[in-house]
Amino acid sequence: FDGMTLVELAKRTGEGIGVLQDILINVGESIDSEFHPLSIDIAELIAMEVGASVKRIHVSEGKEILPRPPVVTVMGHVDHGKTSLLDALRQTSVAANEAGGITQHLGAFVVSMQSGASITFLDTPGHAAFSAMRARGAAVTDIVVLVVAADDGVMPQTLEAISHAKAANVPIVVAVNKCDKPAANSERVKLQLASEGLLLEDMGGDIQLVEVSALKKTGLDNLEEALLLQAEVMNLKARVDGPAQAYVVEARLHKGRGPLATAIVKAGTLVCGQHVVVGSEWGRIRAIRDVVGNLAERATPAMPVEIEGLKGLPMAGDDIIVVQSEERARMLSAGRKKKFERDRLLKISNGRAEELEQSE
Ligand code: GTP
Ligand code: MG
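- In the nomenclature of an unreviewed UniProt entry, the protein chain corresponds to Translation initiation factor IF-2, mitochondrial from the organism Gossypium arboreum.

Written out as structure tokens, the structure is:
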């Protein structure tokens, strides 16, 4: 996409060069020649204007490729202890403070090991967030921790979680939770998982299973070790320099600070002061905070941060791209809003057409 000329863009979109030139003028851009390479932002804008579907392919512009921490999502059946487990891992007491003990929002935190390694955990409110994000192209999760209560065993949402992980091609590490309970039976859980096609290490496969108790805080070291081992096998790396490619994990409106987005950088570095387009919103990053709330100058891969300075509220799964100026940010945001609206209407009218067909 980057460096594409107007001529190539015309060929790709099937539109006449004149039409594209008019759009270019309308958005206040001028080029010397139709053979002059366009910036990726302008190319996207023009493509959207003519109704072409757009997908940015991120070419690595940086050179520094470094190992990065794994990003882990915890999934499992209702009440099997996802929040308690995350809570135990983070050594605070969020579950206790949550209304009814049900996860209220999607956040993120980092567990740091003595070895210097760290793991980024996403606290999702369920499978919906995971699949919604994946559907929107935001594949931020590297590993799924599948929580199965040792007394309850494999349940419908356990199976759902397995199929989500499989569909996303994300490896699973099983945490058999509530092992402190008298009715705990992890052997039964193993057999159930095996019959669902999970190839556990015990049985010659490569899926690790760890027995834990979120309540008694036992087995947590083993779980963390298992996650780091899994990460090592995956050889997770990211480009650290160059423009950031990041995704929104959660967004909320703060009374004083305006829209806030929890974001995870996939590649590159997000820097305070940069102009960004986030989904169809835009803004200039006024502040970056780490998970503890401390101000940071920049965000590097797999580091969850909260960003401030957006003009509107983005959605989970939105991509964050860095643009050169406020002008560009505004324009791209407006272009994307228009396209999303057009797609939405198209979907509705397609839905109607289908309904009509069915009723005939
Ligand atoms: P939802 O968010 O509603 O899907 O539930 P969840 O999976 O986050 O489960 P949660 O952590 O809220 O725990 C559900 C219940 O199980 C709570 O009453 C916890 O105290 C209890 N529980 C969680 N982990 C353990 C454990 O290791 N042992 C025992 N005995 N109870 C646990
Ligand atoms: Mg929960």
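That shown, we press on.
What about the sheet that holds strand β5 (residues 143-149)?
Piece 1. Here we have six strands laid out as an open sheet, ordered β3-β4-β2-β5-β6-β7, and mixed in their pairing. Taken across any chain shown, the strands that pair with only one partner, and hence form the sheet edges, are β3 (107-112) and β7 (209-211). If you compare each strand with its neighbour and ignore which way they point, the axes differ by 30° on average.
Piece 2. Examined bridge by bridge, strand β2 (residues 71-76) and β5 share five bridges and lie parallel to one another. Bridged to Val74 within β5 is Val145.

A closer look at the packing of helix α1 (residues 6-13) against helix α2 (residues 17-26)
To characterise two packed helices, one gives the angle between the axes of the helices and the distance between these axes.
Piece 1. It is the contact of α1 with α2, at a shortest axis distance of 9 Å, that shows an interaxial angle of 115°. The handedness of the crossing between α1 and α2 is right-handed. The segment α1 lies against α2, with Leu6, Val7, Leu9, Ala10 and Thr13 engaging Ile17, Leu20, Gln21 and Leu24.
Piece 2. When its residues are assigned to classes, the contact of α1 with α2 shows seven nonpolar, two polar and no charged.

A look at the pattern of salt bridges
Oppositely charged side chains can form a pair if their charged atoms are brought close together.
Piece 1. On inspection of all chains with the given rule, the structure shows 15 salt bridges.
Piece 2. The salt bridge partner of Asp319 is Arg336, with a shortest N-O separation of 3.2 Å. A residue pair is termed long-range when its members are at least 10 positions apart, and Asp319 in strand β17 (residues 319-323) and Arg336 in helix α10 (residues 326-359) qualify at 17 residues.
Piece 3. The class of Arg336 is buried, set by a relative accessible area of 5%.
Piece 4. One salt-bridge network, held together by shared partners, links Arg252, Arg257, Arg286, Arg289, Glu306 and Glu308.

What counts as what
- Residues numbered from 1 in each chain as written.
- Chains lettered and ligands numbered in written order.
- Predicted model: local features only at pLDDT ≥ 70, side-chain atom pairs only at ≥ 80, totals over all residues.
- Heavy atoms only, no water.
- Pairing = 2+ DSSP bridges.
- Helix = DSSP H or I, 4+ residues; strand = E, 2+ residues; numbered from the N terminus.
- Axes fitted to C-alpha atoms, helices over the stretch in contact; angles between N-to-C directions.
- Left-handed = near helix turned anticlockwise from the far one by under 90°.
- Contact = heavy atoms within 4.5 Å.
- Nonpolar A, V, L, I, M, F, W, Y, C, P; charged D, E, K, R; others polar.
- Salt bridge = Lys/Arg side-chain N within 4 Å of Asp/Glu carboxyl O.
- Buried < 20%, exposed > 50% of the residue type's maximum accessible area, 1.4 Å probe, protein only.

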